[in-house]
Amino acid sequence: HKPTSALCVSLADLERSMGEPEKAREVLTLGLRSCKQERSKLLLALAWLEEDAFDDLERAHELIEEAMRVDGRNVRVYIAKASMELRCGEQTAARKVLRRAVSLEAEDGQHYTMWGTLELESGRVAEARHILKEGSKRYPGDQFLLQRWGTLEAKYGSIVRARELFDRSVRIKPHAPTFVAYALLEARQG
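Per chain, the residues get numbers from 1 upward, laid out in the order the sequence is written. Local features in this predicted model are restricted to residues of pLDDT 70 or higher, and side-chain atom pairs are both shown and tallied only at a pLDDT of 80 or more, whereas totals for entire chains, interfaces and linings draw on every residue. Here the side-chain values reflect all heavy atoms present in the structure, with hydrogen atoms and water set aside.

A. Summary view of the overall build of the chain. Check the secondary structure of the chain and you find 11 helices and 0 strands. What counts as a helix is a DSSP run of H or I of at least four residues, what counts as a strand is a run of E of at least two, and both are numbered from the N terminus. Reading the chain from its N terminus to its C terminus gives the helix and strand order α-α-α-α-α-α-α-α-α-α-α. With the C-alpha coordinates aligned to their principal axes, the bounding extent of the chain is approximately 60 × 30 × 30 Å. Per-residue burial over the chain gives 41% buried out of 190 residues. Residue contacts follow a heavy-atom distance rule, with two residues in contact if any of their heavy atoms lie within 4.5 Å. Contacts in the chain between residues far apart in sequence, at least 24 positions, make up 49% of those at least 6 positions apart. For the chain, the accessible surface area stands at approximately 10,600 Å², while carbon and sulfur atoms represent 52% of it. Looking at charge distribution, the chain has the averaged site of its 31 positive side-chain charges lying 6 Å from that of its 30 negative ones. Relative accessibility under 20% of the residue-type maximum defines a buried residue, over 50% an exposed one, and the middle range a partly exposed one, all with a 1.4 Å probe and only protein chains included. Under the convention used here, a 1.4 Å probe and the Shrake-Rupley method define accessible areas, while residue burial counts only the protein chains that appear. For the charge count, each Lys or Arg is scored as positive and each Asp or Glu as negative, with His and the chain ends excluded. Where a charge lies is defined by one atom per residue type: Lys uses NZ, Arg uses CZ, Asp uses CG and Glu uses CD.

B. Region of interest: a nonpolar patch on the surface. Taken together, the side chains of Leu 11, Leu 14 and Met 18 present a nonpolar region at the surface, about 290 Å² in accessible area. Relative to the assigned elements, Met 18 resides in the loop between helix H1 (5–17) and helix H2 (21–34). A patch consists of residues exposed above 30% relative accessible area that lack any salt bridge, with like charges linked at up to 9 Å and nonpolar side chains (Val, Leu, Ile, Met, Phe, Trp, Tyr) linked at up to 5 Å. Throughout this description, the term salt bridge denotes a Lys or Arg side-chain nitrogen within 4 Å of a carboxyl oxygen of Asp or Glu.

C. Structural context of unusual backbone geometry. Of note, the phi angle at Glu 38 is positive, near 50°, even though the residue is not glycine. On the secondary structure map, Glu 38 appears in the loop between H2 and helix H3 (39–54). Look at Glu 38 and you get partly exposed, because its relative accessible area is 46%. Notably, Asp 55 is not glycine yet its phi reads approximately 50°, a positive angle. Overall, Asp 55 belongs to the exposed group, its relative accessible area being 67%.

D. Just the pattern of salt bridges, in detail. Within this structure, the stated rule accounts for 17 salt bridges. Here Lys 41 and Glu 38 are joined by a salt bridge, their closest N and O atoms 3.6 Å apart. Overall, the relative accessible area of 34% leaves Lys 41 in the partly exposed class. Measuring nitrogen to oxygen at the nearest pair gives 3.6 Å for the salt bridge that ties Arg 138 to Glu 105. Taken as a pair, Arg 138 in helix H8 (residues 125–138) and Glu 105 in the loop between helix H6 (91–101) and helix H7 (110–121) lie far apart in primary sequence, 33 residues in all.

E. Highlighting helix H5 (residues 75–87). To estimate the expected span of a helix, count its residues, drop one, and scale the result by 1.5 Å. For H5, built from 13 residues, the straight-helix expectation of 18 Å at 1.5 Å per residue is met to within 8% by its first-to-last C-alpha distance of 18 Å. Taken together, the buried positions of H5 are Val 75, Val 77, Tyr 78, Ile 79, Lys 81, Ala 82, Met 84 and Glu 85. Where H5 is buried, its residues touch H3, helix H4 (57–70), H6 and H7.

F. Examining H2 more closely. Compared with the 20 Å implied by 1.5 Å per residue over 14 residues, the 20 Å span of H2 between its first and last C-alpha is a close match. Buried within H2 we find Ala 24, Val 27, Leu 28, Gly 31 and Leu 32. One side of H2 carries all its buried residues, which in axial view fall inside an arc of 140°. Relative to its buried face, H2 has exposed residues pointing more than 90 degrees away, namely Glu 26 and Arg 33. Elements that come into contact with the buried residues of H2 comprise H1 and H3. Working note: the arc is built from the helix axis to C-beta atom directions.

G. The arrangement of the packing of H3 against H5 in detail. For the pair H3 and H5, interaxial distance at closest approach is 10 Å and the crossing angle is 15°. Overall, the two elements H3 and H5 adopt an arrangement that is roughly parallel. As for the relative orientation of H3 and H5, their crossing is left-handed in sense. Across the interface between the two elements, Ser 40, Leu 44, Trp 48 and Glu 51 of H3 pack against Arg 76, Val 77, Ala 80, Met 84 and Arg 87 of H5. Under the scheme applied here, ten amino acids are nonpolar (Ala, Val, Leu, Ile, Met, Phe, Trp, Tyr, Cys and Pro), four are charged (Asp, Glu, Lys and Arg), and all others, including Gly, are polar. Looking at the contact of H3 with H5 residue by residue, the class counts come to 5 nonpolar, 1 polar and 3 charged. Lines fitted to C-alpha atoms define the axes, with helix axes restricted to the stretch in contact, and inter-axis angles between N-to-C directions lie between 0 and 180 degrees. Oblique is the label for any angle not under 35 degrees, not over 145, and not in the 65 to 115 range, which are roughly parallel, roughly antiparallel and roughly perpendicular in turn. Left-handed describes a crossing whose near helix is turned anticlockwise from the far helix by less than a right angle; the clockwise case is right-handed.

Pasting the structure below:
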């Protein structure tokens, strides 16, 4: 009778995992009609469903654009938009979205990690390093950002710096992929 955005998204995820994407769509649509709070969360969940379950990229794009209008200061919306651009092969558009996202306040540095990864995969190592370094200054407690930067340094930079970054990352929160990257670095060093 009084659904919340979080409840609708959770129920939609459950319906989707049970092979009922139509029911998931109905739940999210009900949420959009009923919920006043966290509408961007519903819009992003519906956009992902439209893209993934129904192959409707145009509708997914419309929903993300609506989320941008509704909650244009939410970094998660920018990350979703950039992710879609990347899935569509639009690196320049994704870069532009992430460049805008870094001017916003966020709980973590996921947008920096994503942008740094994009630049690294594009062969722009110096740019990736700069972005990850800047992100780690703003979000020093983001272990994933530190792991990504450590991985870059392990491959293209300073082994000492990579060790320091991996160590900082695992001290914040032990995470298996960071330990694996750290171990691979040490194995390569003999």
